[in-house]
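If you want the building blocks of each chain, they are given just below.
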Amino acid sequence: MAEQQDRLAKYRGMRRFDRTDEPEGGAVAPGEDPSFVVQIHDATRMHFDFRLEVDGVLKSWAVPRGPSTDPRDKRLAVPTEDHPLEYRGYEGMIPGGQYGAGPVIVWDHGTYHPLVDGGPEAFARALERGHASFELHGTKLRGAYALTRIHQGPDGGARDAADPAWLLVKKKDAHSTPGRPTTPDPHRARSVLSGRTLAGVRREEPQDGS
């Protein structure tokens, strides 16, 4: 438990929980299968947050263009701080003046299966090494994907080691759509939990933290 608390120290340090209704994080028992969630977040920049349950927390990446079902699409994924497991059900309005201010919806969620022998521990080690494959079982996203750490920027130049980046890529399988990417329009996308759009969250939720 203490180790999990330490992994959430950065997350907690970036937020004021007397101002935001985001979960602070506590003791949550993992399910039979590890979970994933994809949230759409209209903060300073619109992006998708891709999160995988790993070792008691949600390992998280910001994916500016969102996940694609076309194996030829290599989507940039920038790692962010670990989030508590409770965050997989979070949607609402992060108040102005707070970190990540703006609306959040849960676009997709479900479970995933690591495509590596050795169970959850082996999958965590694969992520640490910089490449992991997994199969999603979501409401919208299904099939095999891979996350791979890259060492070059978009222009081919070397990346700063303090500014890592990954690629999220769909693998070829029955759920892939070569030549027909199916990334949603974030402005029109609806929550898998409530059916709301980002605009709907803005209209329904107070923005001043009250």
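Located above this text is the structure these notes cover.
Residues numbered from 1 in each chain as written. Predicted model: local features only at pLDDT ≥ 70, side-chain atom pairs only at ≥ 80, totals over all residues. Heavy atoms only, no water.

## Notes on the overall build of the chain
Counting its regular elements, the chain contains four helices and nine strands. When the elements of the chain are put in sequence order from the N terminus, they spell out α-α-β-β-β-β-β-β-α-β-β-β-α. Burial analysis of the chain (210 residues in total) assigns 47% to the buried set. Of the contacts made within the chain by residues no fewer than 6 positions apart, 61% connect residues no fewer than 24 positions apart. Surface exposure of the chain reaches about 10700 Å², of which carbon and sulfur atoms provide 49%. (Helix = DSSP H or I, 4+ residues; strand = E, 2+ residues; numbered from the N terminus. Buried < 20%, exposed > 50% of the residue type's maximum accessible area, 1.4 Å probe, protein only. Contact = heavy atoms within 4.5 Å. Areas by Shrake-Rupley, 256 points an atom, 1.4 Å probe, with all protein chains shown as cover.)

## Digging into the packing of aromatic side chains
Under the criterion given, the structure shown has 10 aromatic pairs. Ring geometry for Phe48 against Trp107: centres 6.2 Å apart, planes inclined by 90°, an arrangement best described as edge-to-face. On the criterion of sequence distance, the pair formed by Phe48 in strand β2 (residues 46-54) and Trp107 in strand β6 (residues 102-114) is long-range, its members being 59 residues apart. With respect to class, Phe48 is no different from Trp107; both count as buried. Between Tyr112 and Phe123 the ring centres are 5.4 Å apart and the planes differ by 45°, which places this aromatic pair in the tilted class. Taken together, the residues span a long stretch of sequence, with Tyr112 in strand β6 and Phe123 in helix α3 (residues 119-129) at a distance of 11 residues. This pair shows no difference in class: Tyr112 is buried, exactly as Phe123 is. Feature note: the residues Phe36, Phe50, Tyr112, Phe123 and Phe134 constitute an aromatic cluster, connected by ring pairs. Above the ring of Tyr145, the side-chain terminus of Lys170 is found at 5.2 Å from the ring centroid. (Phe/Tyr/Trp six-rings, centres within 6.5 Å; stacked < 30°, edge-to-face > 60°. Lys NZ or Arg CZ within 6 Å of the ring centre and 35° of its normal.)

## Overview of the environment of Thr183
As for its placement among the helices and strands, Thr183 is situated in the loop between β9 (165-170) and α4 (198-204). Between the C-alpha atom of Thr183 and that of Gly66, which follows or precedes it by 117 residues, the distance is 6.3 Å. Residues within four places of Thr183 in sequence aside, it is in contact with Phe48, Arg65, Gly66, Pro67, Ser68 and Arg75. A polar contact is formed between the side chain of Thr183 and the backbone oxygen of Pro67, at a distance of 2.9 Å. (Polar contact = N/O pair within 3.5 Å; in protein donor to acceptor, adjacent residues only side chain to side chain.)

From the geometry alone we can't say anything about function, so treat these as descriptive.
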